[in-house]
Amino acid sequence: MLGDSITTDHISPAGNIKSDSPAGMYLTKKKVSSNNFNSYGSRRGNHEVMMRGTFANIRIRNQMLSNIEGGFTRYDKNKKIVSIYEAAMKYKRDRKPLIVFAGKEYGTGSSRDWAAKGTRLLGIRAVIAESFERIHRSNLIGMGVLPFQFTGNMNWKKLGINGTELVNIELPEKGLEPGCMAVLKILKNNKITKKTKIISRIDTANELEYYKSGGILHYVLKKIV
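This text gives an overview of the structure that appears in the document. (Residues numbered from 1 in each chain as written. Predicted model: local features only at pLDDT ≥ 70, side-chain atom pairs only at ≥ 80, totals over all residues. Heavy atoms only, no water.)

What follows is about the overall build of the chain. When helices and strands are counted, the chain shows eight helices and eight strands. For 225 residues, the compact-globule formula gives about 17 Å, and the C-alpha radius of gyration of the chain, at 17 Å, lands near that figure. Based on the C-alpha atoms only, the size of the chain along its principal axes is roughly 55 × 45 × 30 Å. For the chain, the proportion of its 225 residues judged to be buried stands at 46%. The long-range share in the chain, meaning contacts at least 24 apart out of those at least 6 apart in sequence, stands at 58%. For the chain, the accessible surface area stands at approximately 12000 Å², while carbon and sulfur atoms represent 50% of it. Side-chain charges of the chain comprise 38 positive and 19 negative groups, with the mean position of each set lying 5 Å from the other. (Helix = DSSP H or I, 4+ residues; strand = E, 2+ residues; numbered from the N terminus. Rg over C-alpha atoms; globule rule 2.2 N^0.38 Å. Buried < 20%, exposed > 50% of the residue type's maximum accessible area, 1.4 Å probe, protein only. Contact = heavy atoms within 4.5 Å. Areas by Shrake-Rupley, 256 points an atom, 1.4 Å probe, with all protein chains shown as cover. Lys, Arg positive; Asp, Glu negative; His and termini not counted. Charge placed at Lys NZ, Arg CZ, Asp CG, Glu CD.)

Listed below in structure tokens is the structure:
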């Protein structure tokens, strides 16, 4: 659960890799000395490092937590504070897809493909924000992640959520279409506590085809086949 002006550097940092980060611990396990960790930017060809670096910026603030900076979250089963990567892998093992809630101008800054790639590799299937940076919105679709936008002046804070809820996105009967309206339902103890309309930010027919294929790479492969 993120605030306004979350940049692609917040999502996928390019800076140095810390020894106690998920990426640093992975490299240590692979017998790489900390002197040779270098930066995320220099290791962008290694998906194991880059997915561990997603949402690992030391200045990002996950508002599921109070007064804690960095790539941490609360794992729902025991409320333990863990790295976002660790929690994401646990949820993936439980076959639970994840959602990012964000504020205005999500994905601003330089366009980084890993900000969208890492998001998908963590098992995040949708981002619901007040507004998106144009290129990052497109990159998310290219990786098979659904971007949705709150309508009116609604946001996740007004919904009163804290990250422990289950979320259901109810699509229209005829299915997903460019710019279609959906209903966001927030559930606690299997009961709907809040609901609001959200709009799909798949804006074109081509983007819809990319998403339905699982992303642009899958789309291209299917065309070749």
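Now that the structure has been shown, the text picks up again.
The pairing of strand S1 (residues 72–75) with strand S2 (residues 80–83) spans four bridges and is antiparallel. Bridging across to S2, Thr73 finds its partner in Val82. Hairpin connection, S1 to S2: the antiparallel pair is bridged by four residues, and Lys79 has positive phi, about 65 degrees. (Pairing = 2+ DSSP bridges.)

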